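# Breakdown of the fold
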Amino acid sequence: MKSDKLKFLIFFLLVIVAPLPLAGGYLVNVLIFVGINGMLALGLNLLLGYAGQISLGQAAFFGLGAYGSGVLTTQFAMNPWLAMLVVAVCVAAFAFAVGFPVLRLKGHYLAMATLGVGIIVHIAFNETIDLTGGPSGLSGIPSLSIGSLVFDTDLKNYYLVWGFALVAMLLSLNLVNSRVGRGLRAIHDSEVAARVMGVNARLMKVQVFTLSAFISAIAGSLYCHTMTFISPSSFGFHFSVELLTMVVIGGLGSVYGSILGALLLTMLPEMLRAFQDYDIIFYGLLLVSMTIYMPGGLVRGIPLLFRCLIPARGSQNA
Amino acid sequence: MEFLNQTAQYVISGLATGAIYALIGLSFAIIFNSTGIINFAQGEFVMLGGVLTIFSITTLQLPILAAVVVAVAVTTLVGVVFERLAIRPLKDATPLALIIITIGASILIRGLVMLLWGKDTQALPAFSGNDPINFAGATLLPQHLWIFGVTLLVIVGSRLFFHHTISGKAMRACSFNRRAANLVGISVGRMVLLSFVISSALGSLAGVIIAPLTMTSYDVGVMLGLKGFCAAIMGGMGSGFGTVLGGLILGILESLGAGLISSGYKDAIAFFILLLILFIRPQGLFKKGETDRV
Amino acid sequence: MKKLITTALVSISLCCLSCAALAAAPIKIGALFAVTGPASFLGEPERNSAQMVVDEINKAGGVKGRKLELITYDTGGDATKAVQLANKLIKNDHVVAIIGPSTTGDTMAVIPVVERAQIPLISCSAGIKITEPVKKNVFKTAQNDTLAVARIYQQLKKEKKSRVAILTVSDSFGSSGREQLKSQAAKYGMQIVSDDTYGPKDTDMTAQLTKIRGSQAQAVICWGTNPGPAVVARNAKQLGLTLPLYMSHGVSSKKFIDLAGEAAEGVRLPSGKVLVADLLPKSDKQKAALLSYVKDYQRHFKAEGDHFGGHAWDAVMMLKGAIERGGDTPAGIRNALEATRGFAGIGGVFNYSPKDHAGLTQDAFVLVEVRNKDWTLVK
């Protein structure tokens, strides 16, 4: 327990000091998106890594959060904080309702069902032009503010987004070490066995689905207030695939893994900029090779790699 | 009278699109049945069929028949490479790992095609000209007849193969129970390879015959693959008539939806139907219920 | 004494060197184009044209003796990336102006960033919302859809047709066109009897066209970019639809004729003059610039210089003029841009003003028709 708290404290300090050496450069802007993607990856990880439920439609909840906040604050002039809360609760309720029929499915069928939900929501964003502005997007979204402090610069938005992200991480860390977390892992291993042991698998799966949707919706609201402009193209199937990649590459079932995955995949285009058109090939190769050679993700693979490279010091056991 | 003609047109156009979905759905079902894998890269095989044919005709200057053969052969090769490099190492992988790896492969294939042949859309000349044919108040193109014809051949061929040849029966045995099939001497590994060969050949063939109608570019595979998958699920993932019917029904419903309800939500209709099927009758419209061993 | 002379010599040479260094320091211009992704048919020719004209300017000695340095980033048509890359150009690369982005969506996302940083932006996308209402630092070179729609409606009114069916693609180009088609209909006495859409990757539009065939429409207007309209043209021919078919300037390139084949015959659309450069009368102010652009692009890239690449060409050339007149600071460039008058570019003759940052009028468009697989002017 103590080492967990220490780990989190170190990470917390890291987040606080990270922008300082960057001196307001554009990397601070990138780190904002790392924070948002991190929250999304976290939500997906709870569903995927712990409960073992595949979801290819995570971008839908993200989008619903973003458009919900965007529409309420521009068309109905609602207070942004109130809108964020209202939208998150509504999206969670939607997830709760949809979760019951969807999570009865398993494996590939579940994947396709979540894909279907994601695509339908995405089409709705495009078609409801009067509400959402359609494919041309929704602009003029106000920034968040507390009293006289307006979150309109990259640095302020960085701390705002990471504040939420750290809370989400804390929540997840507490969850996975609790009764609920153990129940989730039991379901992951064998749903029938878990049921036999008295775990209400069906309800628990829907609960985790709802929580994941809630976090994603908040991330969506933060996204729309920091970008001040949203368009449907950011919430399609390809983004769901990106989130999936972040979770898998970072490490399934690991909170820090999700953040690592988000960091890597958000920064990857920067690192690959020299390759311009080749980055899509690199991306595909990365996915394929990581799945084959490092299925536990980086968070487990890197320590493993170290152990292989550094020769064992003597033999402790026979 | 006009309304009847309109409906006839919706139905016939829907049948044509549905036949395409059926072909793609069949190729999904074949792989799924012998390996339990949903191959998200299936759409890319369809795309490769069209792109390679155009490449063979324009750059290699081959006549159309030779170009088709080359395209199907190369795509089959890609399918084999894919199976060897990506699927074979993951023998006991979780469904998640398989989904991710096939998605990764589809991204890779798309990226390679984009680099090699550019992002432009290209047209393939129709096989038998472009004069519309009138039928029951609606019009068809000769290319549609090609599509129906090939689909019919494939149905008959797959029926013969899976029920009247040793290899076909062996593949069906693998789909029922891999371990048992192994125990009776069927080389499961070879069956998996064979299933990929058939699927990629079928997929690329579908791509070739629809390219004159739909034109082709490096990203036509994504949506086609998804819709083909819907068709397969509707048909219960069987390698036969069920999937074909599923595809045809999907095509007709989409066409009617676009014409009578709303053209903007056309794709949403297809996926909504998919969701309904998954919620209410996940084993598909035409199969009896299944039980799972725990 | 020796020390004094040495010090003097050293300081003089240092001064000269630093002056030389300053004089040699290139002027950095940023560019955001959707080179990959769904809008690559816009971004690629734009990037090519921009690089081509920057190279030509540099070869001819640069601007006021200094070379231009073009820093291009690929947004992939993704608004999030566009924002990140705009920030990178401004904060990391310290550019004095930005050209692009290629799509209306990307542009709208980037506008708050450039307004905050007070860096002038010359967008290559067509959305009318980009310059209406006018934003201090935002300009554009692509023609408004309003002008294209007006040109079509004018022609229809002349031919005494009043009932139209519209078929638009469900992306930002199509939905912007649809908005304009609906809002200007009344002004020209047009009645929209059928309003349908299709997806950017759709391969069959017979359902929508069947519905149109059964309606009272006298003309069909299809608003989209390749390959959709080509499919629409072919489907229309298959269904035996004899109504006049109008397209948007989104397909004003030879590619459309290649894709649609025989079905393209008789299709009409409003186009930038670049398509029919050789058919224009000698008195046309743009003819010289157009012909040289087409020739240069063909020589450099072995492909037809089109309408979209022209937007980037116009942006770079007007930027060059602004730097010459207003200096190399963002504020100076912005003021000089706003004062640009009578610039005969590829997209038209530009006249910016404090109230108008789009700069074009209806003469930017001509109505063309496909005859014998080539473009002809409609009188």
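Refer to the preceding data block for the structure.
Just so it is clear, the structure is predicted and the values come from calculations on it, not from any experiment.

Parameters and conventions
- Residues numbered from 1 in each chain as written.
- Chains lettered and ligands numbered in written order.
- Predicted model: local features only at pLDDT ≥ 70, side-chain atom pairs only at ≥ 80, totals over all residues.
- Heavy atoms only, no water.
- 1 Å grid on protein atoms, 1.4 Å probe; cavity = no way out; pocket = protein on both sides within 12 Å on 5 of 7 lines; lining within 4 Å.
- Points joined across faces, edges and corners; volume = space filled by probe spheres on them.
- Helix = DSSP H or I, 4+ residues; strand = E, 2+ residues; numbered from the N terminus.
- Nonpolar A, V, L, I, M, F, W, Y, C, P; charged D, E, K, R; others polar.
- Expected span 1.5 Å × (residues − 1).
- Axes fitted to C-alpha atoms, helices over the stretch in contact; angles between N-to-C directions.
- Parallel < 35°, antiparallel > 145°, perpendicular 65-115°, else oblique.
- Left-handed = near helix turned anticlockwise from the far one by under 90°.
- Contact = heavy atoms within 4.5 Å.
- Buried < 20%, exposed > 50% of the residue type's maximum accessible area, 1.4 Å probe, protein only.
- Buried area = accessible area lost by both parts, 1.4 Å probe.
- Salt bridge = Lys/Arg side-chain N within 4 Å of Asp/Glu carboxyl O.
- Polar contact = N/O pair within 3.5 Å; in protein donor to acceptor, adjacent residues only side chain to side chain.
- Phe/Tyr/Trp six-rings, centres within 6.5 Å; stacked < 30°, edge-to-face > 60°.

### Here we look at empty space enclosed by the protein
Counted under the stated rule, the structure contains seven cavities of 30 Å³ or more. Roughly 170 Å³ of internal volume is contained in the largest cavity. Every residue lining the largest cavity is counted, 19 residues in all, and those nearest its centre are A:Asp154, A:Thr226, A:Met227, C:Val83 and C:Arg116. For the lining of the largest cavity, the elements supplying multiple residues, two or more each, are helix H2 (26–50), helix H7 (154–176) and helix H10 (201–227) of chain A together with helix H3 (79–92) and helix H4 (104–117) of chain C. Here the element with the most residues in the lining of the largest cavity is H4(C); it accounts for four residues. Counted by class, the lining of the largest cavity contains eight nonpolar, eight polar and three charged residues.

### Re helix H8 (residues 188–214) of chain B
Over its 27 residues, H8(B) extends 37 Å from the first C-alpha to the last, a length consistent with the 39 Å expected when each residue adds 1.5 Å. After H8(B) finishes, the residue B:Met215 shows a positive phi value of roughly 60°.

### Some details on the packing of helix H5 (residues 145–158) of chain C against helix H6 (residues 172–185) of chain C
Each pair of packed helices can be summarised by the angle the axes make with each other and by the distance between the axes. Residue and element names in this part refer to chain C. It is the contact of H5 with H6, at a shortest axis distance of 9 Å, that shows an interaxial angle of 50°. Taken as axis vectors, H5 and H6 run oblique relative to one another. H6 is crossed by H5, and the crossing has right-handed handedness. Residues Asp145, Thr146, Val149, Ala150 and Tyr153 of H5 pack against Ser176, Gly177, Gln180, Leu181, Gln184 and Ala185 of H6. Of the residues assigned to the contact of H5 with H6, the class counts are five nonpolar, five polar and one charged.

### Observations concerning the pairing of strand E10 (residues 268–272) of chain C
Most of E10(C) is tucked away: five of the five residues are buried. Side-chain alternation along E10(C) places C:Arg268, C:Pro270 and C:Gly272 on one buried face and C:Leu269 and C:Ser271 on a second face that is also buried.

### As for the interface of chain B and chain A
On the chain A side, the residues contacting the 40 residues of chain B number 38 residues. Taking both sides of the interface into account, the surface hidden between chain B and chain A amounts to around 3500 Å²; carbon and sulfur atoms contribute 87%. For the chain B face of the interface with chain A, the top three residues by lost area are B:Leu96, B:Ile100 and B:Phe279, together amounting to 17%. Between chain B and chain A we count zero salt bridges in total. For the pair chain B and chain A, the interface holds one residue pair in polar contact (both at pLDDT 80 or more). Those elements that provide at least two residues to the side of chain B that touches chain A are helix H3 (64–87), helix H4 (95–117), helix H9 (221–234) and helix H11 (266–280) of chain B. In terms of residues, the side of chain B that touches chain A owes the most to one element, H4(B), which gives 15 residues. Partitioned by chemical class, the residues of the side of chain B that touches chain A number 35 nonpolar, four polar and one charged.

### Looking at the environment of B:Leu77
All names here are of chain B. Inspection of the secondary structure puts Leu77 in helix H3. Looking at Leu77, the relative accessible area reads 56%, which means it is exposed. For the pair Leu77 and Ser200, spaced 123 residues apart in sequence, the C-alpha separation works out to 8.4 Å.

### Digging into unusual backbone geometry
All names here are of chain C. Of note, the bond from Gly100 into Pro101 is cis; its omega dihedral lies within 30 degrees of zero at 0°. Tracing the sequence through the fold places Pro101 in the loop between strand E3 (97–99) and H4. Backbone torsion omega between Glu132 and Pro133 reads 5°, so that peptide bond is classified as cis. Summarising the element assignment, Pro133 is placed in the loop between strand E4 (121–123) and strand E5 (138–140). Positive phi, close to 50°, is recorded for His94, a residue that is not glycine.

### A closer look at the packing of aromatic side chains
In this description, an aromatic ring pair is defined by two values, namely the gap between the centres and the angle between the planes. In this structure the tally under the stated criterion is 30 aromatic pairs over all chains. Their ring planes at 70° and their centres at 5.8 Å tell us that B:Phe82 and B:Phe196 sit as a pair that is edge-to-face. Of this pair, B:Phe82 sits in helix H3 while B:Phe196 sits in helix H8; the two residues are 114 residues apart in sequence, bridging distant segments of the chain. Each member of the pair, B:Phe82 together with B:Phe196, is buried. Cluster of aromatic residues (ring-pair linked, three or more members): A:Phe33, A:Phe62, A:Tyr67, A:Phe125, A:Tyr223, A:Phe235 and A:Phe239.

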